[in-house]
Amino acid sequence: MYVVESKGGAIACMLLALVFLGTWPALLTLLERRGRLPQHTYLDYSITNLLAAIIIALTFGEIGKSTPEMPNFLVQLAQDNWPSVLFAMVGGVVLSLGNLSTQYAWAFVGLSVTEVITASITVVIGTTLNYFLDDRINRAEILFPGVGCFLIAVCLASAVHSSNAADNEAKLESLSSDQKEGELDISTLPDKVKSEDLEGGHVPSEKAKAGTGEFLVQLEKRRAIKVFGKSTFIGLAICFFAGVCFSLFSPAFNLATNDQWHTLKEGVPHLVVYTAFFYFSLSCFVIAIILNVTFLYYPVLDLPRSSFKAYVNDWNGRGWAFLAGLLCGFGNGLQFMGGQAAGYAAADAVQALPLVSTFWGILLFGEYRKSSRRTYILLVSMLFMFIVAVAVLMASSGHRK
């Protein structure tokens, strides 16, 4: 079994996890904006997310000689370690609920703001829990100022959202009266923009350009989840629910691999990170399949009804969904590998993933284009504070004895 032993190796795992975990939400957002049903997308994503865990377990989990204290993955599957297995599976359930929730929240409040809200709750609750579960191996004088930096970035992100929402409202107000009737009637507007134009903003001059009011309306017309005329409270409520779920999955995984509550029988070794990750991902997969197959026939948020046959035949964007699942699976695995070495509180630095998601939001979806100067100043300030937050949290990492 391969074990990350150095602080440098742990930080490398966390940085790579940060990129992966900040990228996969952009891919699912891309598909929703192109009109693919989120139920179809999440079913595809779930398959490769589990596949990533299996690949990690059968490679890193089988490297080297198995020992009684640190058995390899296949050896540990037969051991009596069900209390720890259950902790790992609980972590997978809450992560799956959180990821599924954010898929709907992205449509209502945007990629960047959703990731900021969920990450902030994860840092405040999850990092604090991990600090005490890890027997305070992280340097508190650095760790908690890092949490404070993250919260400052959250405040800035809220200001960005407020300012950008005002900008978008002004853009929509600028549309001609025949494109609005009290609330915007998107059914009367012409189809001017192709799906690939919507995300990239690379449109010919006669098309609606990213950052304009017409672009926003055309996007609403094509996307799967319709948000015009609906309260943003729905999206914010989903965000907070997802944040609470995210804050619990890492502490649950921590308990699964380190047995701080002494639930294992004497002589039974702790779950190695690869075995725990396999059970974690398995439960994540099962709950995702159950919920999304249910949502095919009983959709939420006014989405159209679908079927399992329609899902199987829907190949539009399937490759992107598969890639998102791999990125999330490998990202979570790397986070846990780094956390096992340096402490899960420090590994929560990957919750600075809104830094990456905001980058993709600007590059792919044209977020903040043609916004006000105030919005740009707040956006730069937010990104700077995220950089400071992740650096401080990583500097707090200790070394597990």
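As the structure is a prediction and not an experimental result, all values here were calculated from the model. Sequence positions are assigned chain by chain, starting from 1 and proceeding in written order. Local features in this predicted model are restricted to residues of pLDDT 70 or higher, and side-chain atom pairs are both shown and tallied only at a pLDDT of 80 or more, whereas totals for entire chains, interfaces and linings draw on every residue. Water and hydrogen atoms play no part in the side-chain values, which are based on all heavy atoms of the structure.

Looking at the overall build of the protein chain
Basically, it comes down to this: Each helix is a run of DSSP H or I of at least 4 residues and each strand a run of E of at least 2, with the numbering of both proceeding from the N terminus. Residue exposure (1.4 Å probe, protein chains only): buried if accessible area is under 20% of the type maximum, exposed if over 50%, otherwise partly exposed. Only heavy atoms enter the contact rule, under which two residues are in contact if any of them lie within 4.5 Å. Calculation of accessible area relied on Shrake-Rupley with a 1.4 Å probe; when residues are assessed, cover is drawn exclusively from the protein chains displayed.
Secondary structure summary: the protein chain contains 15 helices and 2 strands in total. A total of 401 residues make up the protein chain; the buried ones form 56% of that total. Sequence separation of at least 24 residues holds for 84% of the intrachain contacts in the protein chain that already meet a minimum separation of 6. Accessible area of the protein chain: about 16500 Å², with a carbon and sulfur share of 67%.

Overview of the pattern of salt bridges
The condition that has to hold: Think of a salt bridge as a Lys or Arg side-chain nitrogen and an Asp or Glu carboxyl oxygen that are within 4 Å of each other.
Across all of its chains, the model carries 5 salt bridges by this definition. Taking the shortest distance from any N to any O, the salt bridge between Arg223 and Glu32 comes out at 2.8 Å. Of this pair, Arg223 sits in the loop between helix H8 (213–222) and helix H9 (232–258) while Glu32 sits in helix H1 (residues 7–33), and the two are 191 residues apart along the sequence. The two residues Arg223 and Glu32 agree in class, both being buried. The shortest N-O distance in the salt bridge between Asp80 and Lys265 comes to 3.0 Å. Here Asp80, found in the loop between helix H3 (73–76) and helix H4 (82–109), pairs with Lys265, found in the loop between H9 and helix H10 (273–297); they are 185 residues apart in sequence, far enough to count as distant. Relative accessible area serves as the criterion here: at 37%, Asp80 is assigned to the partly exposed category. A relative accessible area of 57% means that Lys265 is categorised as exposed.

Description of the packing of helix H2 (residues 38–59) against H4
What counts is decided by this rule: Axis geometry follows a simple rule: fit a line to the C-alpha atoms, using only the stretch in contact for helices, then measure angles between N-to-C directions, giving values from 0 to 180 degrees. Crossing handedness follows the turn of the near helix against the far one: under a right angle anticlockwise gives a left-handed crossing, and clockwise gives a right-handed one. Residues were grouped as follows: Ala, Val, Leu, Ile, Met, Phe, Trp, Tyr, Cys and Pro as nonpolar; Asp, Glu, Lys and Arg as charged; and all remaining residues, including Gly, as polar.
The N-to-C vectors of H2 and H4 enclose an angle of 145 degrees; their axes lie 11 Å apart at closest approach. Two packed elements cross with a definite hand, and for H2 against H4 that hand is right-handed. Touching Pro38, Gln39, Thr41, Tyr42 and Tyr45 of H2 are Ser96, Asn99, Leu100, Gln103 and Tyr104, all from H4. Its residues placed into classes, the contact of H2 with H4 shows 5 nonpolar, 5 polar and no charged.

So, the nonpolar core
How we decide: To form a nonpolar core, buried Ala, Val, Leu, Ile, Met, Phe, Trp, Tyr and Cys residues must be joined to one another through side-chain atoms within 4.5 Å.
Ranked by size, the top nonpolar core spans 36 residues in total, and within it Trp24, Tyr45, Tyr104, Ile225, Leu303 and Ala324 carry the most contacts. Mapped by element, the contributors of at least two residues to this core are H1, H2, H4, helix H5 (111–133), H9, H10, helix H12 (318–342) and helix H14 (354–365). Beyond its immediate sequence surroundings of up to four residues, Tyr45 is in contact with Trp24, Asn99, Ala321, Ala324, Gly325 and Cys328. Formed by 28 residues, the second largest nonpolar core is a distinct cluster that contains Ala53, Ala242, Ala276 and Phe277.

Focus on H5
Think of an α-helix as turning once every 3.6 residues; residues three or four places apart then point the same way. What counts, and what does not: By this rule the span expected of a helix is its residue count minus one, scaled by 1.5 Å. Throughout, bend refers to the angle between the axes fitted to the seven residues that end at a position and the seven residues that start at it.
In this model, H5 (23 residues) spans 31 Å end to end at C-alpha, consistent with the 33 Å of a helix rising 1.5 Å per residue. In the structure, H5 departs most strongly from a straight axis at Val123, where the bend amounts to approximately 30 degrees.

Side note on H8
Most of H8 sits inside the fold, with 8 of its 10 residues counted as buried. Every buried residue of H8 is accounted for by Gly213, Glu214, Phe215, Leu216, Val217, Gln218, Leu219 and Glu220.

Here we look at the environment of Leu28
Within the secondary structure layout, Leu28 lies in helix H1. Judged by its relative accessible area of 1%, Leu28 is buried. With residues up to four places along the chain from it excluded, the contact list for Leu28 reads Thr41, Gln103, Trp106 and Ala324.

Let's talk about the packing of aromatic side chains
Where we set the bar: Each pair of aromatic rings taken from Phe, Tyr and Trp, with Trp reduced to its six-membered ring, is defined by centres within 6.5 Å and is described as stacked if the planes are under 30 degrees apart, edge-to-face if over 60, and tilted in the remaining cases.
Within the structure shown, the criterion is met by 13 aromatic pairs. Ring centres of Tyr42 and Tyr45 lie 4.8 Å apart, and the angle between their planes is 40 degrees; this geometry places the pair in the tilted category. With Tyr42 and Tyr45 both in helix H2, this residue pair falls 3 residues apart, about one helical turn. Of the two residues, Tyr42 and Tyr45, both sit in the buried class.

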